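Next come the chains, spelled out residue by residue.
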Amino acid sequence: MPTTSTDPRAAAAALLVPGTACHGFAVERCETVPELDSDAYVLRHTASGARLLYLACDDENKAFAIGFKTPPADSTGVFHILEHSVLCGSAKFPVKEPFVDLIKSSMQTFLNAMTYPDKTIYPVATTNEQDLYNLMDVYLDAVFNPAIYTKPTIFEQEGWHYELDLPKGAEGEGNGSSASLREGTLRYNGVVFNEMKGALSDPMSVLDDAVNAALYPDTAYAHESGGDPRAIPALTYEQFLDTHARHYNPSNSYITLYGDLDVNRALAFLDERYLSQPSAASRRMDAAVAAGEDPSTLAPNPLVVQAPVTCEYKRVEMATTPENALVGLGLVLGSALDRKRTIAADILFEALLGSNEAPVKKAILAAGLGGNVVSYTAAESLQPYELIMLQNAQPGVARELRRVFQDACRDLCEHGVPRERLEAIISSNEYDLRQRDYGIADGVAIACDALSTWLYDDDAATLALKYGPVYEELRGELDGSYFEDLLRELVLQNDHMALVELVPVDAAEGAESAEAAELAAKLDAMTDAELVDYLNALETAAKNTGKYYDGSASYWGTTPYYRDAAGKMQRVPPEKKIDQRWYGDYVIIDGEEHRVHYNRNDIDHLDLATDSHLTLSEKEKDGKAKTDDCVLLNPTLKWSESAETLVKGGGTQANFVDRITYDHENDNNPSTGHYEYPRASWDEKTSAKDDNAPTKSVFYKVEGKVAYGKLGDAYEKAPGERGYAAAKQRAEADLKKYIADHPELDLS
């Protein structure tokens, strides 16, 4: 029976008695997790098979997460594309960007989605319980009933599609005839495609992928879960839908609830609204069975254990500069369910390689094989591994690195690993864990941690959360030979390892040239009619959706920035990899690490198509598309005047767009460039001198068919006003009047 207690742990204890049922959930067990000051309840939804973990505690920052086991069968990045795509509207929330809308309207303290090598997680957190249910509603409808089944353009937008760049002067000639189109250059585009182009321009990511492929050749980990740009265009729309239907169903789901919340209400919500209801995925599966498909072929992709393999040496090539040469030595540690072994290995390798004075790193640096040595423990997989990486490696030193590494470890096995280093790391790591300073909402971090074991064993929902006894046991092992024995097993006797060398090559030998040849062949193979029809279909899709592709490779499709040495905000170059860490995003620019900031107003600026040419790739005056700028098409705004007229302040829409500027792309050439609104005022600086982040403008955004923004000096802050709320209201009022006076714009 429900309880009236305000203590969440007491309320859960009264309601969730092991062996009973509550709102369709069977309560399987209850465990106390002292490390988190919480009680953990493990439940299973009887009808759907959905798993649920509730962590009852007095944290007011409540959290919900739903995850799916999503081991890839190839490197098309289908699960990464799905992660983006399901958040582009759903049956109950048929808007283009519910994710962005939530960021603006919710009281959320965390809102995101993440694709891992074997799972996809959708977590949210908020301090308001009603807000939590609103967020749950949007996320659950997104994952179970996404708009992808009725809107193929979502797949093309988030995954990949073709675009055609025309040479200068070709656009418009012959009314878009096939003759002029043949002069163009075909290219791939898409949010995930471009994001992974940036991610895999990082040599360390390429090496890590190659090590995984060598260590786990027969498993999902051999594939790039985010998507390899060379493989992404092989994914078809039907394969995309099939993958969603097989994996995004309750029986393949892992739900986490956390914090001080009404668990009775939460379970009822989950059962009545989603878990006991048919979904888009289930209807597709039912249709497949009715059509005669073998049900066994409709199961999720398997996640299997890799039998030990030894890769003595593997060479991978990458178009990059010589100083990016790398050597990686990968060592499989065992099973994710053996927490003691995994944690001990992490401590051990930190002691051996964690600083320039660490004994093994010191030996490698003394050998002069490269510029630096780093290592990390990849614990969030079925079979965790350690990767030792030599940076700025000298040519041909891979085998010598392995010899020096093994010799140094052999010496430590014989003479002992320094106990003071091990003890210091054990104490430091446990202290950090007990501080629970995750940098994000506790419930979100804990939900992700739980899946590092729960995903592989239904009985291990709390295994990763109970670290206290493990650290206590490892302290006891300092008096014996446990760490030396473990080092011997992992380094000297390990039959599951791989040695990989990343060799820089000229760009002409790299993947870019292969992609260009592939696209040229595709263009040649298309008939004139196919070419014209395809591009017309793309433009139609762009006009129907209003927004086709925003060009930025970042969280939420927003534009990433960093603060330069002068303190100004600069756009992160699209080719730079953004390192997405749990405590924030970072990027390396000119050898310096910078925190990445995002323009939360959704768009950096609005480029304007001119002279009635509203094309998908938004041709510039030089005929080239700018893929690093946001491309936001709003065809209901009829720019009937030429851009020149708009800039000069004439035309019937001049008072609406009188702040349009012309960007020469910094080349001082008046024949190239594009027209745009000024950038939104989003930076925290307030000085008028900070012209790089103009603070005097009212921010603007585009929502569906209604736009408002900086319409001139009249909409700046008035003296004595705090914030831009009043200025925004003035802008909105004038815009409404303008719309009323110009019904031909159809901006309702």
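Colleague: Account for the packing of aromatic side chains, with residues named and values stated.
Modeller: All chains considered together, the criterion is met by 19 aromatic pairs. Geometrically, the ring pair formed by Trp160 and Tyr162 is edge-to-face, given 5.2 Å between the ring centres and 90 degrees between the ring planes. Assessed through its relative accessible area of 12%, Trp160 is described here as buried. For the cation-ring pair, Lys119 lies above Tyr116, with the distance from its terminal atom to the ring centre recorded as 4.8 Å. Seen from the ring of Tyr313, Arg399 lies directly overhead, with NZ or CZ sitting 4.3 Å from the centre.

Colleague: I'd like to hear about the environment of Leu382, residue by residue, with values.
Modeller: Relative to the helices and strands, Leu382 resides in the loop between strand E14 (372-378) and strand E15 (385-391). Overall, the relative accessible area of 12% leaves Leu382 in the buried class. Sequence separation between Leu382 and Leu455 is 73 residues; the distance between their C-alpha atoms is 8.5 Å. Leave out the neighbours within four places in its chain, and Leu382 touches Asp118, Tyr221, Leu303, Val304, Val305, Gly334, Ser335, Ala336 and Tyr456.

Colleague: For the side chain of Thr342, give the residues involved together with the corresponding values.
Modeller: Residue position: Thr342 is located in helix H12 (residues 339-353). Given a relative accessible area of 5%, Thr342 falls into the buried group. Thr342 has contacts with Ser335, Ala379 and Pro384, leaving out every residue within four places of it along the chain.

Colleague: Describe the nonpolar core, with residues and values.
Modeller: Residues Leu16, Tyr54, Phe64, Tyr122 and Leu270 are the most contacted members of the largest nonpolar core, which totals 70 residues. When residues in this core are grouped by element, the largest group, ten residues, is from helix H4 (residues 129-144). Apart from the residues within four sequence positions on either side, Phe64 is in contact with Tyr122, Pro123, Val124, Leu132, Met136, Tyr139, Leu140, Ile255, Thr256, Leu257 and Leu270.

Colleague: An account of the pattern of salt bridges is requested, with residue identities and associated values reported.
Modeller: One pass over the full model with this rule turns up 28 salt bridges. A salt bridge links Arg246 to Asp242, with the shortest nitrogen-to-oxygen separation between them at 3.0 Å. With Arg246 and Asp242 both in helix H9 (residues 237-247) and four residues apart, the pair spans about one turn of that helix. Taking the relative accessible area as the measure of exposure, Asp242 reaches 28% and is therefore partly exposed. Here Arg488 and Asp485 are joined by a salt bridge, their closest N and O atoms 3.2 Å apart. Separated by three residues within a single helix, Arg488 and Asp485 lie in helix H18 (residues 482-492), roughly one turn from each other. The exposure class assigned to Asp485 is partly exposed, which follows from its relative accessible area of 32%. Here the salt bridges do not stand alone but share partners, grouping Glu28, Arg29, Glu31 and Lys466 into one network.

What counts and what doesn't
- Residues numbered from 1 in each chain as written.
- Predicted model: local features only at pLDDT ≥ 70, side-chain atom pairs only at ≥ 80, totals over all residues.
- Heavy atoms only, no water.
- Phe/Tyr/Trp six-rings, centres within 6.5 Å; stacked < 30°, edge-to-face > 60°.
- Buried < 20%, exposed > 50% of the residue type's maximum accessible area, 1.4 Å probe, protein only.
- Lys NZ or Arg CZ within 6 Å of the ring centre and 35° of its normal.
- Helix = DSSP H or I, 4+ residues; strand = E, 2+ residues; numbered from the N terminus.
- Contact = heavy atoms within 4.5 Å.
- Core = buried A, V, L, I, M, F, W, Y, C linked by side-chain atoms within 4.5 Å.
- Salt bridge = Lys/Arg side-chain N within 4 Å of Asp/Glu carboxyl O.

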